[in-house]
Amino acid sequence: MSDTRSSRAAELFDLHDRVAIITGGAGLLGYHHGAILASAGAHVVLLDLEAAGPKARANQLMDEYGSESLGVTCDIGCEASLQNARQEILAKFGRIDILINNAANNPKVEDGNMAWSRLENFPLEVWDADIRVGLTGAFLCSRIFGTEMAARKSGVIVNVASDLAVIAPDQRLYRVDGLPEDQQPVKPVTYSVVKTGLLGLTRYLATYWSDANVRVNAISPGGVFNHQPEVFLSRIKQLIPMGRMAERDEYQGAILFLCSDASSYMTGANLVIDGGRSCL
């Protein structure tokens, strides 16, 4: 009986020979998303800008988990760059099974000195750049790679949203003592707009490709501990029932679940993983 149960569990989460693309794959969370998929047997493709070093990070995945991976330099806001990436991936692996839209611009507001982040001052070029990466990039990746999955009648897309797609930012987190009100840094408007937009994209694609057996879900993670200033950490802990930010590997279980057959009857959903912050 125990062997049957363990075999069933392994089967549900097995990703051997599946090809998973992760945008922003060389970054803080992207690499950890790739790591859990590689550990389940997937061939992981890390898409990122050249400065992020996707090829080196892909080699690191192979060294750690053994499954063949690929790092591809790509600008996800550029359709031609994505088409080139698609050709490279298909030439290497012959298929695409999973897409994680993870890339986003996210300036470290908690470090202060960001009066430009206020709505009254917010530069249009920053708005355009943030939308281009976080929302237009997710749309283009979904269209280019998702169409490939739909043609094969099988695939999974996971959009990485945020707890700030569910709740508004608490701007008190970013206050700097002694600064005038019109110079106080805030979480930029684009972050909430992009992450909320991803939830709309998730629901749209889930119904659009339902007949093609392409499942589309989202996760809304909370903030990740990354050695933020102590004043910020002390403030945000008071807003989270679990009393802490997430560790960078704590979303791996959710990613594996959504990318695997364990979630085979789940589409159009948003999995909120925020230590309880949004339930207050």
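*Asks:* How should I be thinking about the pairing of strand β1 (residues 19-23) in this particular structure?
*Replies:* The side chains of a regular strand alternate, first on one face of the sheet and then on the other. Of all 5 residues that make up β1, 5 are buried, and the element is covered over most of its length. Of the two faces of β1, the one carrying Val19, Ile21 and Thr23 and the one carrying Ala20 and Ile22 are both buried. Relative to strand β2 (residues 43-48), β1 is paired through 5 bridges, and the arrangement is parallel. In the strand pairing of β2, alanine 20 is matched with valine 44. In this fold, the crossover linking β1 to β2 by way of helix α2 (residues 30-39) has right-handed handedness. Examined bridge by bridge, β1 and strand β4 (residues 98-101) share 3 bridges and lie parallel to one another.

*Asks:* Sorry, what's going on with the packing of aromatic side chains here?
*Replies:* What characterises a pair of aromatic rings is the spacing of the ring centres plus the angle enclosed by the ring planes. What the rule picks out here adds up to 4 aromatic pairs. Taking the centre distance of 5.9 Å and the plane angle of 35° together, the rings of tryptophan 116 and phenylalanine 122 count as tilted. According to the relative accessible area criterion, tryptophan 116 is partly exposed, its value standing at 31%. Between tyrosine 204 and tyrosine 208, the ring centres sit 5.7 Å apart and the planes meet at 15°, which makes this aromatic pair stacked. Of this pair, tyrosine 204 and tyrosine 208 both sit in helix α6 (residues 189-208), 4 residues apart, which is roughly one turn of the helix. On the basis of relative accessibility, which here comes to 51%, the residue tyrosine 204 falls in the exposed class. With relative accessibility at 53%, the residue tyrosine 208 sits in the exposed group. Across the ring face of tyrosine 191, the terminal group of lysine 187 is positioned such that the distance to the ring centre comes to 4.3 Å.

*Asks:* Help me understand the confidence of the model for the protein chain, please; the structure alone is not making it clear to me.
*Replies:* The predicted coordinates should not be examined in detail at positions where pLDDT is low. Confidence along the protein chain averages 96 in pLDDT terms, with 98% of residues attaining 70 or more. Across the protein chain, element-level confidence peaks in β4 with a mean pLDDT of 99 and bottoms out in helix α1 (residues 2-13) with 83.

*Asks:* Quick question: what am I supposed to make of the pattern of salt bridges here?
*Replies:* Side-chain pairing between opposite charges can occur once the charged atoms of the two side chains come close. In the structure shown here, the tally under the stated rule is 13 salt bridges. Among the salt bridges present, the one from aspartate 97 reaches arginine 95, with a minimum N-O distance of 2.7 Å. Note that aspartate 163 and arginine 277 form a salt bridge whose closest N and O atoms lie 3.6 Å from each other. One end of the pair, aspartate 163, is in the loop between β5 (155-160) and α6; the other, arginine 277, is in the segment after β7 (270-273), and 114 residues separate them in sequence. In this structure, aspartate 163 and arginine 277 share a single accessibility class: buried. Put simply, Arg95, Asp97 and Arg152 are held in one network by salt bridges that share partners.

*Asks:* I tried to follow the packing of helix α4 (residues 79-93) against helix α5 (residues 124-152) on my own but got confused; where do I start?
*Replies:* A pair of packed helices is captured by two measures, namely the crossing angle of their axes and the spacing between those axes. Orientation of α4 relative to α5, taken along the N-to-C sense of each, is 30°, at an axis distance of 10 Å. With respect to each other, α4 and α5 are oriented roughly parallel. Relative to α5, the crossing made by α4 is right-handed. Here α4 contributes Glu79, Leu82, Gln83, Arg86, Ile89 and Leu90 to the contact with α5, which in turn contributes Leu140, Cys141, Arg143, Ile144, Phe145 and Glu148. Per-class residue counts for the contact of α4 with α5 are 7 nonpolar, 1 polar and 4 charged.

*Asks:* I would appreciate a short explanation of the layout of surface pockets in the present structure.
*Replies:* What the largest pocket holds in volume is close to 1200 Å³. Looking at the lining of the largest pocket, the elements that each hand over two or more residues are β2, α5, α6 and α7 (230-237). Taken together, the residues that form the lining of the largest pocket break down as 26 nonpolar, 13 polar and 11 charged.

*Asks:* Even after reading the chapter, I still don't get empty space enclosed by the protein, so can you show me in this structure?
*Replies:* With a probe scaled to a water molecule rolled over the atoms, the places where space remains empty come into view. In the structure shown here, the tally under the stated rule is 1 cavity of 30 Å³ or more. The calculated volume of the largest cavity comes to roughly 40 Å³. Together, Ala104, Asn105, Asp130, Thr190, Tyr191 and Val194 line the largest cavity. The element that contributes the greatest number of residues to the lining of the largest cavity is α6, accounting for 3 residues. Of the residues in the lining of the largest cavity, the class split is 3 nonpolar, 2 polar and 1 charged.

*Asks:* I tried to follow a nonpolar patch on the surface on my own but got confused; where do I start?
*Replies:* On the surface, Leu124, Trp127 and Val193 cluster together to form a nonpolar patch covering roughly 260 Å² of accessible area. For leucine 124, the position within the fold is in helix α5.

Calculation notes
- Per-chain numbering applies: the sequence of each chain, read as written, is numbered from 1 onward.
- Selection of residues for local features in this predicted model requires a pLDDT of at least 70, selection of side-chain atom pairs for listing and counting requires 80 or more, and totals for whole chains, interfaces and linings are taken over all residues.
- Side-chain metrics rest on all non-hydrogen atoms present in the structure, leaving aside hydrogens and water.
- Note on exposure labels: buried denotes an accessible area under 20% of the residue type's maximum, exposed denotes more than 50%, and partly exposed covers the range between, all computed with a 1.4 Å probe on protein chains only.
- Labels follow the DSSP assignment, with helices taken as runs of H or I lasting at least four residues and strands as runs of E lasting at least two, numbered in each case from the N terminus.
- What makes two strands pair is DSSP finding at least two bridges between them.
- Classification remark: right-handed applies to a crossover when, strands pointing away from the viewer, the course from the first strand over the helix to the second runs clockwise.
- Between the rings of Phe, Tyr and Trp (Trp by its six-membered ring), a pair exists once the centres lie within 6.5 Å; its type follows the angle of the planes, with under 30 degrees stacked, over 60 edge-to-face, and the other angles tilted.
- Put simply, a charge is over a ring when the Lys NZ or the Arg CZ is close to the ring centre, within 6 Å, and near the line of the ring normal, within 35 degrees.
- How sure the predictor is of each residue is captured by pLDDT, a score from 0 to 100.
- Any carboxyl oxygen of Asp or Glu that lies within 4 Å of a side-chain nitrogen of Lys or Arg is treated as forming a salt bridge with it.
- To define axes, lines are fitted to C-alpha atoms, for helices over the stretch in contact only, and angles between the resulting N-to-C directions are given on a 0 to 180 degree scale.
- When describing relative orientation, an angle under 35 degrees is termed roughly parallel and one over 145 degrees roughly antiparallel, while 65 to 115 degrees is termed roughly perpendicular and anything else oblique.
- Two helices cross in a left-handed way if the nearer one is turned anticlockwise from the farther one by less than a right angle. They cross in a right-handed way if the turn is clockwise.
- Here a residue-residue contact requires only that any non-hydrogen atoms of the pair lie within 4.5 Å.
- Only Asp, Glu, Lys and Arg are considered charged, only Ala, Val, Leu, Ile, Met, Phe, Trp, Tyr, Cys and Pro nonpolar, and every remaining residue, Gly among them, polar.
- In this analysis the probe radius is 1.4 Å and the grid spacing 1 Å, with only protein atoms considered; a cavity is a set of points the probe fits into but cannot get out of, a pocket is an open set with protein on both sides within 12 Å along at least five of seven lines, and lining residues have an atom within 4 Å of a point.
- Grid points are joined across faces, edges and corners, and a volume is the space filled by probe spheres set on the points.
- By definition, no residue in a patch forms a salt bridge, and every one has over 30% relative accessible area; like charges are joined within 9 Å, nonpolar side chains (Val, Leu, Ile, Met, Phe, Trp, Tyr) within 5 Å.
- In these tables, accessible area is a Shrake-Rupley quantity obtained with a 1.4 Å probe, and a residue counts as shielded only by the protein chains included in the view.

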